[in-house]
Amino acid sequence: MTPGERLGGMLFDSLTFLPRNLPLPVTQPLGAALGDLVWRLDSRHRRRADRTLETAMPELAREQRKTVVRRCFRHYGSVTLELFHLGASSPEEICRRLELENWERFEEAESSGKGVLVLTAHLGFHELLGPVVALYRGPMYGVVRPLRNRVLNSRLKIGRASCRERVWVWVG
């Protein structure tokens, strides 16, 4: 384990402790502020997000892209701390806080008896899909790319396993 991995693990543990012990209405704006800080400090990912947005939406002016990218960082910070906050909750408690939309489509697909393939993007709160489906329907299998930081990757694996989410690791 490298010193950077150890430091990342300690930072992760610190960041997960605080939101688990704060009310959700406090956690969300705190996460947005954290996302804003990351936006200011992480120029590599900020530039990558800007290039991606410029490719996807070339009609946006530079200032518009800057605004969108900053809002994305704030949103990601908010949902990350919200995820940490919910990490102290049981899957049942998590489900009580969610509003499921179009669940009947999942049930309809499942009723065919052939299984269901759910494709998601990293939009919104995708990390909650596994625990919710697992609670209502049994284990959900996902394909993931492991994190570079082995300490953080092991923490994520433990969280997924606690929710009956099974993972196939993609290497490539």
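Above this text is the structure in question.
Remember, predicted model here, so these are calculated numbers, not experimental data.

Colleague: What is the right way to look at the overall build of the chain in this model?
Modeller: Helices and strands together make up the secondary structure of the chain, namely eight helices and two strands. When the helices and strands of the chain are placed in sequence order, the string is α-α-α-α-α-α-α-β-α-β. For the chain, the spread of C-alpha atoms along the principal axes amounts to about 50 × 40 × 40 Å. The buried share of the chain, reckoned over its 172 residues, is 27%. For the chain, contacts bridging at least 24 residues in sequence account for 75% of all contacts bridging at least 6.

Colleague: What exactly am I supposed to notice about the packing of aromatic side chains here?
Modeller: With the rule as written, the count across this model stands at one aromatic pair. Judged by centre distance (5.0 Å) and plane angle (20 degrees), the rings of tryptophan 103 and phenylalanine 106 are stacked. Taken together, the residues span about one helical turn, with tryptophan 103 and phenylalanine 106 both in helix H6 (residues 103-110) at a distance of three residues. Note on accessibility: tryptophan 103 and phenylalanine 106 belong to one class, buried. For the cation-ring pair, arginine 46 lies above tryptophan 39, with the distance from its terminal atom to the ring centre recorded as 5.6 Å.

Colleague: Honestly, the nonpolar core in this entry has me stumped. Any pointers?
Modeller: A general tendency of soluble globular proteins is for nonpolar side chains to be buried together. With six residues, the main nonpolar core is built from Cys95, Trp103, Phe106, Val132, Val133 and Met140. Taken together, the elements giving at least two residues each to this core come down to H6 and helix H7 (129-137). Once residues within four sequence positions are removed from consideration, phenylalanine 106 is found in contact with Val116, Val118, Val133 and Arg137. Among the nonpolar cores identified, the runner-up in size contains five residues, and Leu53, Leu60, Val69 and Phe73 belong to it.

Colleague: I would appreciate a short explanation of the pattern of salt bridges in the present structure.
Modeller: Pairing between side chains becomes possible if they bear opposite charge and their charged atoms approach one another. Inspection of every chain in the model, using the stated rule, returns three salt bridges. Between arginine 70 and aspartate 36 there is a salt bridge whose closest N-O contact spans 2.6 Å. Of the two residues, arginine 70 sits in helix H4 (residues 62-86) while aspartate 36 sits in helix H2 (residues 24-41), which places them 34 residues apart along the sequence. Measuring nitrogen to oxygen at the nearest pair gives 3.9 Å for the salt bridge that ties arginine 74 to aspartate 36.

Colleague: Could you clarify how one ought to interpret a nonpolar patch on the surface in this entry?
Modeller: Together, Phe17, Leu18 and Leu30 make up an exposed nonpolar region whose accessible area comes to about 290 Å². Tracing the backbone through its elements, the reader meets leucine 18 in helix H1 (residues 3-20).

Colleague: Please clarify how a positive patch on the surface should be interpreted in this entry.
Modeller: A cluster of basic residues, Arg44, Arg47, Arg48, Arg51, Arg145 and Arg148, forms a positive patch on the protein surface. Note that arginine 145 resides in the loop between strand E1 (140-144) and helix H8 (150-162). Residue classification places arginine 145 among the exposed positions, given a relative accessible area of 52%.

Colleague: Can you help me understand H7 in this one?
Modeller: Residue pairs three or four apart in sequence face the same way in an α-helix, which turns once every 3.6 residues. Turning to H7, its buried residues are Gly130, Pro131, Val132, Val133 and Ala134. At the exit of H7 stands glycine 138, carrying a positive phi of roughly 100 degrees.

Colleague: Where do I start with the environment of aspartate 13 in this structure?
Modeller: Relative to the helices and strands, aspartate 13 resides in helix H1. Relative accessible area serves as the criterion here: at 34%, aspartate 13 is assigned to the partly exposed category. For the pair aspartate 13 and arginine 155, spaced 142 residues apart in sequence, the C-alpha separation works out to 9.3 Å.

Calculation rules
- Residues numbered from 1 in each chain as written.
- Predicted model: local features only at pLDDT ≥ 70, side-chain atom pairs only at ≥ 80, totals over all residues.
- Heavy atoms only, no water.
- Helix = DSSP H or I, 4+ residues; strand = E, 2+ residues; numbered from the N terminus.
- Buried < 20%, exposed > 50% of the residue type's maximum accessible area, 1.4 Å probe, protein only.
- Contact = heavy atoms within 4.5 Å.
- Phe/Tyr/Trp six-rings, centres within 6.5 Å; stacked < 30°, edge-to-face > 60°.
- Lys NZ or Arg CZ within 6 Å of the ring centre and 35° of its normal.
- Core = buried A, V, L, I, M, F, W, Y, C linked by side-chain atoms within 4.5 Å.
- Salt bridge = Lys/Arg side-chain N within 4 Å of Asp/Glu carboxyl O.
- Patch = residues over 30% accessible without salt bridge, like charges linked within 9 Å, V, L, I, M, F, W, Y side chains within 5 Å.
- Areas by Shrake-Rupley, 256 points an atom, 1.4 Å probe, with all protein chains shown as cover.
- Lys, Arg positive; Asp, Glu negative; His and termini not counted.
- Charge placed at Lys NZ, Arg CZ, Asp CG, Glu CD.

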